[in-house]
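In case you want the letters, here they are:
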Amino acid sequence: MFYAKLSDVTPTTPEITRYPKTVSRAIAWLKRHDYAALPLGKTEIEGSDIYISQDAYQTKSADKVVIESHRNYIDIQIMVEGEELMGYATCTPNLPVLGEGYIPERDVMFYPVSVMPFWAPETSSPQKMLVKAGEFCIFAPEDVHASQIFVEEPQAVRKIVVKCRVK
């Protein structure tokens, strides 16, 4: 996991270059374009290798959190408007999963809230970040992650998720 302001990184920032090249190319694209002006929904950047999904929604309470991981894509989650809590835990083989486990057609696996016990409002954790407009988190396949959580009360937000193919 990596957290920063988009204005503070470049495609050659060491924390960016440790990821597959699709992440550096996505950062370069984001730095050259007005990503906030993209329409809601999906925008292809490099076909299925790099694409963006922009969404607008109300943040929710921690007990409604969706915890997930991916195998084939890295998420770059950038806040466009508003703020929300994002968090992560290390993906290990012994983590409990929900349902049937990995869903290949959606490249997702879901987890119970118990894998991230730090979501209680009074709990502080370096694995839980308040992400504001212009800031982002990168979640790799080894990162079980969650987002869309409000701090004090629900608020309207806009966020883009850049999906970067791992291979």
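Model, not experiment: these values are computed from the prediction. (Residues numbered from 1 in each chain as written. Predicted model: local features only at pLDDT ≥ 70, side-chain atom pairs only at ≥ 80, totals over all residues. Heavy atoms only, no water.)

Draft legend 1. Representation of the packing of aromatic side chains in the model. Under the defined criterion, the tally for this structure stands at two aromatic pairs. Between the aromatic rings of Phe2 and Phe136, the centroid separation amounts to 6.0 Å while the plane-to-plane angle is 65 degrees, which identifies the pairing as edge-to-face. Of this pair, Phe2 sits in strand β1 (residues 2-5) while Phe136 is found in strand β9 (residues 135-139), placing the two residues 134 residues apart along the sequence. The exposure classification of Phe2 matches that of Phe136, with both residues buried. Taking the centre distance of 5.7 Å and the plane angle of 75 degrees together, the rings of Tyr51 and Tyr73 count as edge-to-face. With Tyr51 in strand β3 (residues 50-58) and Tyr73 in strand β5 (residues 73-81), this residue pair connects regions lying 22 residues apart in the sequence. Taking NZ or CZ as reference, Lys42 lies 4.3 Å from the ring centre of Tyr51, over its face. The aromatic ring of Tyr102 is capped on one face by Arg71, whose charged end is 3.9 Å from the ring centroid. (Phe/Tyr/Trp six-rings, centres within 6.5 Å; stacked < 30°, edge-to-face > 60°. Helix = DSSP H or I, 4+ residues; strand = E, 2+ residues; numbered from the N terminus. Buried < 20%, exposed > 50% of the residue type's maximum accessible area, 1.4 Å probe, protein only. Lys NZ or Arg CZ within 6 Å of the ring centre and 35° of its normal.)

Draft legend 2. Fine view of the side chain of Thr22. Topologically, Thr22 is positioned in helix α2 (residues 21-32). In this structure Thr22 comes out as buried when scored by relative accessible area, which is 7%. Those residues in contact with Thr22 that lie beyond four places of it in its chain are Asp49, Ile50, Cys164 and Arg165. (Contact = heavy atoms within 4.5 Å.)

Draft legend 3. Just the layout of surface pockets, in detail. Of the voids in this model, the largest pocket is the one considered here, and its volume is about 590 Å³. When residues of the lining of the largest pocket are traced back to their parent elements, those giving at least two are β3, β5, β10 (143-149) and β11 (156-165). Top contributing element to the lining of the largest pocket by residue count: β3, with five residues. Residue composition of the lining of the largest pocket, by class: eight nonpolar, seven polar and nine charged. (1 Å grid on protein atoms, 1.4 Å probe; cavity = no way out; pocket = protein on both sides within 12 Å on 5 of 7 lines; lining within 4 Å. Points joined across faces, edges and corners; volume = space filled by probe spheres on them. Nonpolar A, V, L, I, M, F, W, Y, C, P; charged D, E, K, R; others polar.)

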